[in-house]
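If you want the building blocks of each chain, they are given just below.
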Amino acid sequence: LPRLLWRMRQVARDIEIDPPDVLITIDSPGFVFGVIRRLRGRAFPRIHYVAPTVWAWRPRRVHKFRRHFDHLMVLFPFEPEYFERVGLPCTFVGHPLTEAARKSETDVQNFRSAHGVPSKAPLLCVLPGSRSGEIDRHAGSFGATVRRLAMTYTDLHVTIPTLPHLEDRIAAETAAWPVPSFIVTENGQRAAAMAAADIALAASGTVTLELARERVPTVVAYRVTPLTAWLVRRLVKIRFVSIVNLIAGREVVPEFLQRDMQPDAMAHALESMLSDPVRRQAMKVAQDEAMHALGEGGMPPSRRAAAVVLDVLCDWRKT
């Protein structure tokens, strides 16, 4: 905490010593407000990129952003109305993940060949989370799900894209899995691992959008501590955790949360995706729609964001 407070003071001091033409802050509202509160006056426009999830919980945070910022750039198409209704100009610029090109069929074939996955063998992508606590809470259930799935699909293969510092931990958790499994940590290969998979079992998070970009039918699961779950039930006002489901307004991607995160149920959902091509295609269509809603196929989000910054700066100078 002392180090963070020192960094906040340092950043605020540097901004005041050499004032910018425009200040752009990105995500991390705790740190950002620690800096903003230390700035005196308003000699330049302030733009924030990535909105707080006021549509999910603590909606009164919109007023705090209205007081401190001149414009907000958001990732999701349903967010602007929450801020515009209190007088904060807000622009949907799209999600950065839509800028990355999908992997080609050649990439997929090369990945499967490099890891010895037969062309007809089902490949399951498992993503238990990017934090140690998530792996603690998910690895057991995910492993049991893999074992149940392997009883039906004896030629099942599993790939686990993860971060380098988690490789040893994941290797220990998956060593006893009764199927050929391989961990992928290279940044360029993680997307290929997802694209090559026929289905995926993933902890809720940004990876579900990465899987949607690669059109991989997915089962989403997540478990938090009992205390966190108690708080979430009282604070969070949304029906779904998956962005694909939030955009669709219905459960396209099966979600298994808390007590519902049962291996039998998750294995059954995955089996139905492998055995039912109609269901698999329907999910891919919904994933395509979600990515399109997030900006895929249009002007890249980075260019949209740059245009917003220039417009705000020009308007500020006119006034």
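What counts, and at which threshold
- Sequence positions are assigned chain by chain, starting from 1 and proceeding in written order.
- Residue-level local features of this predicted model are given only where pLDDT is at least 70; pairs of side-chain atoms are given and counted only at 80 or more, and the full residue set underlies all totals for whole chains, interfaces and linings.
- The basis for every side-chain value is the complete set of heavy atoms in the structure, and neither hydrogens nor water enter the calculation.
- Strand pairing is assigned whenever DSSP identifies at least 2 bridges connecting the two strands.
- Numbering goes from the N terminus for both helices and strands, where a helix is a DSSP run of H or I of at least four residues and a strand is a run of E of at least two.
- Here the axes come from fitting lines to C-alpha atoms, over the contacting stretch only for helices, and the angles between their N-to-C directions go from 0 to 180 degrees.
- In what follows, a contact means two residues having at least one pair of non-hydrogen atoms within 4.5 Å.
- Two joining distances apply to patches: 9 Å for like charges and 5 Å for nonpolar side chains (Val, Leu, Ile, Met, Phe, Trp, Tyr), and every residue must have over 30% relative accessible area and no salt bridge.
- Computed by Shrake-Rupley with a 1.4 Å probe, the accessible areas treat only the displayed protein chains as cover when residues are assessed.
- Each reported salt bridge corresponds to a side-chain nitrogen of Lys or Arg within 4 Å of a carboxyl oxygen of Asp or Glu.
- Here Asp and Glu are counted as negative and Lys and Arg as positive; His is not counted, and neither are the chain ends.
- For the purpose of locating charges, the reference atoms are NZ of Lys, CZ of Arg, CG of Asp and CD of Glu.
- Under the scheme applied here, a residue whose accessible area is under 20% of the maximum for its type counts as buried, over 50% as exposed, and between as partly exposed, the area being computed with a 1.4 Å probe on protein chains only.
- With the strands aimed away from the viewer, a crossover counts as right-handed if its path from the first strand over the helix to the second runs clockwise.

Asker: Please provide a residue-by-residue account of the sheet that holds strand S5 (residues 123-127), values included.
Answerer: Taking strand neighbours across the sheet as the criterion, the six strands line up as S7-S6-S5-S8-S9-S10 in an open arrangement whose pairing is parallel. Of all strands in the sheet, those bounded by a partner on one side alone are strand S7 (181-184) and strand S10 (255-257). Within this sheet the neighbouring strands show an average axis-to-axis angle of 20°, counted without direction. Relative to S7, helix H7 (residues 167-174) is tilted by about 170°, and along the sheet it contacts strand S6 (157-161) and S7. Sitting on the sheet, helix H8 (residues 187-196) touches S5, S6 and S7, and the angle it makes with S6 is about 145°.

Asker: Describe in detail a positive patch on the surface, supporting the description with residues and values.
Answerer: On the surface, a cluster of positive charge is made up of Arg 37, Arg 58, Lys 64, Arg 66 and Arg 67. Tracing the sequence through the fold places Arg 58 in the loop between strand S2 (46-49) and helix H3 (61-68).

Asker: Can you lay out the pairing of S5 for me, pointing to particular residues and giving the numbers?
Answerer: Counting buried residues in S5 gives five out of five residues, a clear majority hidden from the surface. In this sheet, S6 lies alongside S5 in parallel orientation, the contact comprising three bridges. Opposite Cys 125, over in S6, you have Thr 159 as the bridge partner. Taken together, S5, helix H6 (residues 132-152) and S6 form a β-α-β motif whose crossover is right-handed. When S5 meets strand S8 (residues 199-203), the two strands line up parallel, connected through four bridges.

Asker: Would you mind going over the pattern of salt bridges in detail, with residue names and values included?
Answerer: Counted under the stated rule, the structure contains 13 salt bridges. Put simply, Asp 288 and Arg 102 hold a salt bridge, and the shortest N to O gap is 2.9 Å. In this pair, Asp 288 is assigned in helix H13 (residues 277-293) and Arg 102 in the loop between strand S4 (90-92) and helix H5 (105-114), connecting sequence segments 186 residues apart. Connected through shared salt-bridge partners, Arg 102, Arg 215, Asp 288 and Glu 296 make up one network.

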